[in-house]
Amino acid sequence: MKYFSLIKIPNFEKLDTVFDGVRTTMSIVGLFTVVMLSLQMLDQGVTVTGTIETEIASQRKIEDASSPIGLTLVSSPLTDPRQRMLARYLSSSYRIAPEAAAELVAATHAAGRIVGLDPVLLLAVMAVESRFNPIAESDMGAKGLMQIIPKYHLDKLATHGGAAAVLDPWVNILVGSQILREYSSRGGNLATGLQQYNGAANDPAMRYSERVFAEKLIFERFLRDNLLQYTKADI
């Protein structure tokens, strides 16, 4: 009897509290595991139902050598984290519909690959030229996202059906990129190419190119400062 009297009877109320804590901890660990697996799937380009990927998935442009404009439509979401973040930035900063922002970013990256220009630079040009208004038109007759003056570039537009095609956003992006690439090659560098693109080749202050480079820097800083957080977020 003395032996049993020395044994301390467990406090079951305290044990229940402990078990409740263990169950809560396991639930949290399980939820964390599910979230991490979902993020890994997104990084690998797997579309997860219910995420922003399915919301902005729409007709997108990619390179296609058989297409007369070098771009073709496919139904696919943006899978690259940088492109997804750029689309989100454009949508929020310039009040562009998410679907349109995703298409614009995809087309710009495709055009950049085709002509050999940084797509972020092309986005910066559009930000300065039209603020991403696809039907913008200047007093000088420049039209669309990249503000192309059709009468000066009929040779390039002819491939796409003529001057009327200038207001097709995807044609506008590609032709504008081709023009900038041509001017940059002719001038020897991007700054000179940008000045000629703007019709300001004789400006010693290079104000237009400085504006574009400043805008490009804003995009790059946003990517740098937010990429890690963005790719970890449940988007």
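Report follows, based on the coordinates.

Rules and cut-offs
- Residues numbered from 1 in each chain as written.
- Predicted model: local features only at pLDDT ≥ 70, side-chain atom pairs only at ≥ 80, totals over all residues.
- Heavy atoms only, no water.
- Phe/Tyr/Trp six-rings, centres within 6.5 Å; stacked < 30°, edge-to-face > 60°.
- Helix = DSSP H or I, 4+ residues; strand = E, 2+ residues; numbered from the N terminus.
- Buried < 20%, exposed > 50% of the residue type's maximum accessible area, 1.4 Å probe, protein only.
- Core = buried A, V, L, I, M, F, W, Y, C linked by side-chain atoms within 4.5 Å.
- Contact = heavy atoms within 4.5 Å.
- Salt bridge = Lys/Arg side-chain N within 4 Å of Asp/Glu carboxyl O.
- Axes fitted to C-alpha atoms, helices over the stretch in contact; angles between N-to-C directions.
- Parallel < 35°, antiparallel > 145°, perpendicular 65-115°, else oblique.
- Left-handed = near helix turned anticlockwise from the far one by under 90°.
- Nonpolar A, V, L, I, M, F, W, Y, C, P; charged D, E, K, R; others polar.

1. Some thoughts on the packing of aromatic side chains
Any aromatic ring pair is given by two values, namely how distant the centres are and how the planes are angled relative to each other.
Here's step 1: Per the stated rule, a full pass over the model turns up 3 aromatic pairs.
Here's step 2: Relative to phenylalanine 222, the ring of tyrosine 89 lies with its centre 4.5 Å away and its plane at 40°, an arrangement referred to as tilted. Here the residue tyrosine 89 occupies a position in helix α4 (residues 81-93), and phenylalanine 222 occupies one in helix α10 (residues 207-232), the gap between them amounting to 133 residues.
Here's step 3: With a relative accessible area of 14%, tyrosine 89 lands in the buried category.
Here's step 4: With relative accessibility at 22%, the residue phenylalanine 222 sits in the partly exposed group.

2. Here we look at the nonpolar core
Here's step 1: With 47 residues, the main nonpolar core has Leu90, Phe132, Tyr197 and Phe219 as its most contacted residues.
Here's step 2: Among the elements of the structure, α4, α5 (98-115), α6 (119-129), α8 (169-187), α9 (190-197) and α10 are those that each provide at least two residues to this core.
Here's step 3: Here this core takes 9 residues from α6, the largest share from any one element.
Here's step 4: Ignoring sequence-local partners within four residues, the contact set of phenylalanine 219 consists of Leu86, Tyr89, Leu90, Tyr94, Val120, Leu123, Ala124, Ala127 and Phe132.

3. Re unusual backbone geometry
Here's step 1: Backbone geometry at arginine 95 places phi at a positive 55°, although glycine is not the residue there.
Here's step 2: In this structure arginine 95 comes out as exposed when scored by relative accessible area, which is 82%.

4. Here we look at the pattern of salt bridges
Here's step 1: According to the stated counting rule, one finds 7 salt bridges in the structure shown.
Here's step 2: Of the charged contacts in the structure, one is a salt bridge between glutamate 182 and lysine 156, with a shortest N-O distance of 2.8 Å. Within this pair, whereas glutamate 182 is found in helix α8, its partner lysine 156 is found in helix α7 (residues 154-158), the two being separated by 26 residues in sequence.
Here's step 3: By relative accessible area, glutamate 182 is classed as partly exposed at 32%.
Here's step 4: A salt bridge links aspartate 225 to arginine 224, with the shortest nitrogen-to-oxygen separation between them at 3.2 Å.
Here's step 5: Residue classification places aspartate 225 among the exposed positions, given a relative accessible area of 52%.
Here's step 6: In the salt-bridge network here, residues are joined through shared partners; they are Asp155, Lys156, Glu182 and Arg186.

5. Let's talk about the packing of α8 against α9
Here's step 1: Contact pair α8 / α9: the axes reach a minimum separation of 7 Å and the direction vectors enclose 125°. On the basis of the axis angle, α8 is oblique to α9. Read as a crossing pair, α8 and α9 show a hand that is right-handed. Every residue of α9 that contacts α8 at Gly176, Ile179, Leu180, Tyr183, Ser184, Arg186 and Gly187 is listed here: Leu190, Thr192, Gly193, Leu194, Gln196 and Tyr197.
Here's step 2: Residues of the contact of α8 with α9, tallied by class, amount to 6 nonpolar, 6 polar and 1 charged.

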